[in-house]
Amino acid sequence: MSEIKKFQDLVNQITSNELVLPDFQRNFVWKEGKMINLYASVLCRMPVGSILTLESDDAGFACKRIGAKTRTGNAAIEPDRKNITYLIDGQQRVTSLFAGFTTYFFDTYKDSLKNLSSSSLKNMFFVKIPANTSQNSEIDDLFGVKKLEFPKDILTEKKYYSTAEMREMISSEKPDVILGRKNSVVDIHNDNDLSLIEKYCTEEKDGAYHIPLQYIDNDDSKIQLSYDRILAKISDSYSVSQKKDENEDRRKIWQKNIQKYLSECLLTLKINQIAVENSNKSRAIDIYSNLNQGGAPLSVFDLVTAKVGGVKDVKYNYNDKVSEYFTSPFFVKIDILPIIAQQWIKNFQHKYDVIQKSGIIENGIISPQFIEVFLKVITFLITKENKPKEFEPKNLTKRDKILDLPADMIASKTETVCTAMKRAMCFFQTRCGIRKFSEINYKAEFGLVSFIFTDDELYNRIEIHDFLEYWYWISLFGYIYPTKQDISIYSEINKFLNFFNNMDFSRYTELKQLRKNSVLKAHNLTDEKTLTMENVSSGIVPPDKISTFICQFYLSQGYKDFHTDEELNFLSESVFGMHHIIPLGSDKKIGESTKDIRKNPYDIHNSPLNFIYITQTSNSDISDMKFSDYSQDEKVKNALASIHYNSVIDGVDIDTFIKSRFKSVENELNKHLDLLEKSIDKNWNF
């Protein structure tokens, strides 16, 4: 619903705590230049844009006052929960209007300046009037004070001021300068402060007098009297006739007209309010995103942050608490890790830190994709525990489901989910050749593992880890989720729980069959002809992801770098790159560049089977070598042996190598799946 609001309506709503800032709103960030641009638009009777609000009749979100830095002290408010409107978009604009045309911040924050989100909000803003004692021609006489005749065409709206010329007439000043005391704010109820403001306004400053914007249409009687005195003193400095009575009449008319004009600018100031009902919170996100293309997007997590902040006993910022949980020390349960991973961690020179390695937090900000998974997992967990009949994860991924969760339950389950996600990150690092969260191919698979690991009993069973790894490699190399990955993957959760808790082997049996029929056999995806590039003549090339799958599989097993002494695994701190095992330049045609080959998806050198991770150091060393030297290099031979490719590459054409490598990958993958399957069968007596 869209409604045109008068500025005074917003003033009334905000001062009565009917229109409030939800706690997820970022701080006020506009610089004074942008604020003054807005004031110029107002004083030129220009439109000032729209705001987006969310109407509510409940204690949905924690709230703070307009202009507040944090929800503490008198910045926190408890509005009438029966009639409340949240300001979702337009905070910068509304806050600026309040700073320029009201004394709200002077009153509200006079005893708590530390809670004010910007020092600009305690400044005074003025319209400049050329001083009679100055010869300074830079101050335009827009308001006709020199002739004591306010422009009639402006009053009758036959002409309008331009924002460019009006902007030059607006200035600001810190209260410290006006009042002559440090770290102060104007006390509008103090006669001395009002007197000092009058003095500042009516004494020449850089060729100008000053009319306070905050005094326009202010209903405080003391301010109105002070406003009248300022205008009177400014007009008294000018004379246009030798007749005293005529001068007096002209001055009064000019005062009346400039007051009328400035008041009408505020009275006619209208703001388009787009109001969204409480039942349609996700709609607010869509509208916000559309209004703020290129800006900081509003997210479901922002709304959840404010919602949890509204819980009576919650005294913390939810976003900060989630970050705290994710960065808190995590105890790695060594005995459920693969033996090789246990050895790597034991030999690692530093302490293994799951989250630090994962890259989910950069510059104090949690990855939005990680947060997206977090919200889904907490939705699954709360629904399963409180509405088990409605627990079908594939139907719980929409943001409406998340926003409908009770805030107190979200708060109570947050630490459990954060711990589970750290467990899942450890799983992917130690078993799946993943170093950073961003490298996980299907984020829904991370969500599934995280949800399973919210259950301590399941997390502590090594056979659960073996099963999940078994499923993971089959899902990649069998390409069993070609489309709608999220729905398909989250649909597995109940099937897996039936297996884990009820000994229902049906899904495990299906996975065994998928392994047999699809792993490195998925038609036109992972089958031998596709990976060895025999199908390129039909326009079929392997998906790019398969190269990553192969590289990650080998990293999960560990191997030697191609030209350093480093052992590569998930703990490696070096920067990796995908390396063509048979270099691009080894089989170049005349006039063909390696750049051309690299870009050509149909070239056999770009088969996923020709890739492996190596360090940047190795890549630099190898790039300068001739192929004859590279193929005979002992370190390269040792590296190939460590990935169980035991054939020589010297003198081998690329087609032969690719076919041979397929057999090598197939053999290594099946050996590993055999071990996992054997462990699962043994532990479940299958």
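Please read all numbers here as calculations on a predicted model, not as lab measurements. The written sequence of each chain sets the order in which its residues are numbered from 1. With pLDDT at 70 or above as the cut-off, local features in this predicted model cover only qualifying residues; side-chain atom pairs require 80 or more to be listed or tallied, and sums for whole chains, interfaces and linings still use all residues. Computation of side-chain values: all heavy atoms of the structure, hydrogens and water removed.

Enquirer: Please set out the overall build of the protein residue by residue, giving values where relevant.
Expert: Counting from the N terminus, the helices are the DSSP runs of H or I reaching at least four residues and the strands are the DSSP runs of E reaching at least two. Across its full length, the protein carries 31 helices and 15 strands. Against the globule reference of 26 Å for 686 residues, the protein gives a C-alpha radius of gyration of 35 Å, more extended than a compact globule. When a residue's accessible area, from a 1.4 Å probe over protein chains only, is under 20% of the maximum for its type it is buried; when over 50% it is exposed; and in between it is partly exposed. When each of the 686 residues of the protein is scored for burial, the buried share is 55%. Pairs of residues are marked as contacts when any of their non-hydrogen atoms sit within 4.5 Å. Sequence-distant contacts, at least 24 apart, represent 75% of the contacts inside the protein between residues at least 6 apart. Accessible surface is estimated by sampling points in the Shrake-Rupley manner with a 1.4 Å probe; for residues, cover comes only from the protein chains shown. Accessible surface for the protein amounts to roughly 31300 Å². Of this, 46% is attributable to carbon and sulfur atoms. As defined in this context, the radius of gyration uses C-alpha atoms, and a globule is described by 2.2 Å times the residue total to the power 0.38.

Enquirer: Account for the side chain of Glu 492, with residues named and values stated.
Expert: Relative to the helices and strands, Glu 492 resides in helix α23 (residues 492-502). Side chain to side chain, Glu 492 and Arg 507 meet in a polar contact 2.5 Å long. Here a polar contact means two N or O atoms within 3.5 Å. Within protein one must be a hydrogen donor candidate and the other an acceptor candidate, and residues neighboring in sequence count only if both atoms are side-chain atoms.

Enquirer: Describe the packing of helix α24 (residues 506-518) against helix α31 (residues 654-684), listing the residues and the values that go with them.
Expert: Under this scheme, a helix contributes an axis fitted over its contacting stretch, all axes are lines through C-alpha atoms, and angles between N-to-C directions fall in the 0 to 180 degree range. Contact geometry of α24 with α31 gives a least axis separation of 13 Å together with a crossing angle of 165°. By the criterion of interaxial angle, the relationship of α24 to α31 is roughly antiparallel. When you trace α24 past α31, the crossing you get is left-handed. Side by side, α24 and α31 meet where Tyr 508, Lys 512 and Arg 515 of the first sit next to Asn 670, Leu 673, Asp 674, Glu 677, Ile 680 and Asp 681 of the second. In the contact of α24 with α31, the residues fall into three nonpolar, one polar and five charged. When describing relative orientation, an angle under 35 degrees is termed roughly parallel and one over 145 degrees roughly antiparallel, while 65 to 115 degrees is termed roughly perpendicular and anything else oblique. A crossing counts as left-handed when the near helix is turned anticlockwise from the far one by less than a right angle, and as right-handed when that turn is clockwise. Polarity classes work like this: nonpolar for Ala, Val, Leu, Ile, Met, Phe, Trp, Tyr, Cys and Pro, charged for Asp, Glu, Lys and Arg, and polar for all others, with Gly in that last group.

Enquirer: Outline the sheet that holds strand β1 (residues 2-6), supporting the account with residue identities and numerical values.
Expert: The strands that make up a sheet pair up through hydrogen bonds in the backbone, lying either parallel or antiparallel. Strand pairing is assigned whenever DSSP identifies at least 2 bridges connecting the two strands. Taken together, the six strands give an open sheet; going across it, the order is β1-β9-β3-β5-β2-β4, and neighbouring strands pair in mixed fashion. The open sheet has two edge strands with one neighbour each: β1 and β4 (63-64).

Enquirer: Go over the nonpolar core, please, and point to the residues and values.
Expert: Residues belong to a common nonpolar core when they are buried Ala, Val, Leu, Ile, Met, Phe, Trp, Tyr or Cys residues joined through side-chain atoms within 4.5 Å. The biggest cluster of nonpolar side chains holds 132 residues, and the ones touching the most others in it are Phe 374, Leu 468 and Phe 500. When near neighbours in sequence (up to four residues on either side) are disregarded, Phe 500 contacts Ile 452, Leu 458, Arg 461, Ile 464, Phe 467, Leu 468 and Trp 684. Counting 79 residues, the second largest nonpolar core, distinct from the first, contains Tyr 104, Ile 129, Leu 179 and Trp 254.

Enquirer: Requested: an account of the pairing of strand β15 (residues 611-615), with residues and values cited.
Expert: The two faces of a sheet get side chains in turn, since along a regular strand they alternate between them. In terms of burial, β15 is largely enclosed, as five of its five residues are buried. The side-chain alternation of β15 yields two buried faces, one formed by Phe 611, Tyr 613 and Thr 615 and the other by Ile 612 and Ile 614. Sheet analysis places strand β14 (residues 576-580) next to β15, joined by five bridges and oriented antiparallel. In the sheet register, Gly 577 faces β15, and the bridge partner there is Ile 614.

Enquirer: Could you give me a rundown of the confidence of the model for the protein, with the residues and numbers involved?
Expert: Along the chain, pLDDT gives the predictor's confidence residue by residue, from 0 to 100. For the protein, mean pLDDT is 88; residues scoring 70 or higher make up 91% of the total. When mean pLDDT is compared element by element in the protein, helix α19 (residues 443-452) scores highest at 98, while helix α11 (residues 281-291) scores lowest at 58.

Enquirer: Break down the environment of Pro 22 for me, citing the residues and quoting the values.
Expert: Structurally, Pro 22 can be placed in strand β2 (residues 19-22). Between the C-alpha atoms of Pro 22 and Glu 528, which are 506 residues apart in sequence, the distance is 56 Å.

Enquirer: Please set out the packing of aromatic side chains residue by residue, giving values where relevant.
Expert: Ring pairs are drawn from Phe, Tyr and Trp, using the six-membered ring of Trp, whenever the two centres fall within 6.5 Å, and their geometry is named by plane angle: stacked under 30 degrees, edge-to-face over 60, tilted for the rest. One pass over the structure, following the stated rule, counts 48 aromatic pairs. Aromatic side chains Phe 98 and Tyr 104 sit 5.4 Å apart centroid to centroid with 90° between the ring planes, which places their arrangement in the edge-to-face category. Of the two residues, Phe 98 and Tyr 104, neither departs from the other in class, the shared state being buried. Placement of a positive charge over a ring is assigned whenever Lys NZ or Arg CZ falls within 6 Å of the ring centre and within 35 degrees of the normal to the ring plane. The ring of Tyr 459 carries the charged tip of Arg 423 above its face, separated from the ring centre by 4.1 Å. The side chain of Arg 435 reaches across the aromatic face of Phe 576, ending 3.7 Å from its centre.

Enquirer: If you had to explain unusual backbone geometry to someone new, which residues and values would you point to?
Expert: Positive phi, normally seen in glycine, also occurs at Lys 484, with a value near 45°. On the secondary structure map, Lys 484 appears in the loop between α21 (462-477) and α22 (485-490). One non-glycine residue, Met 533, lies in the positive phi region at around 70°. As for its position among the elements, Met 533 is in the loop between α25 (528-531) and α26 (545-557). The class of Met 533 is buried, set by a relative accessible area of 6%.

Enquirer: If you had to explain the environment of Ile 234 to someone new, which residues and values would you point to?
Expert: By the element assignment, Ile 234 lies in helix α9 (residues 221-236). For Ile 234, a relative accessible area of 0% puts it in the buried group. With sequence-adjacent residues up to four places away left out, Ile 234 is seen in contact with Ile 129, Val 145, Tyr 209, His 210, Ile 211 and Trp 254.

Enquirer: Which residues make up the sheet that holds strand β8 (residues 208-212), and what are the values?
Expert: Reading across the sheet, the three strands line up as β7-β6-β8 and stay open at both edges, with antiparallel pairing between neighbours. Each having just a single partner strand, β7 (170-173) and β8 make up the two edges of the open sheet. With strand direction ignored, the average angle separating the axes of adjacent strands in the sheet is 45°.

Enquirer: I'd like a rundown of the environment of Glu 567, residues and numbers included.
Expert: As for its position among the elements, Glu 567 is in strand β13 (residues 567-568). You can call Glu 567 partly exposed: its relative accessible area is 36%. Each C-alpha atom of the pair Glu 567 and Ile 66 lies 56 Å from the other, and the pair is 501 residues apart in sequence. Once you skip the residues sitting within four places of it in the chain, Glu 567 turns out to touch Gly 558, Tyr 559, Lys 560 and Ser 572.

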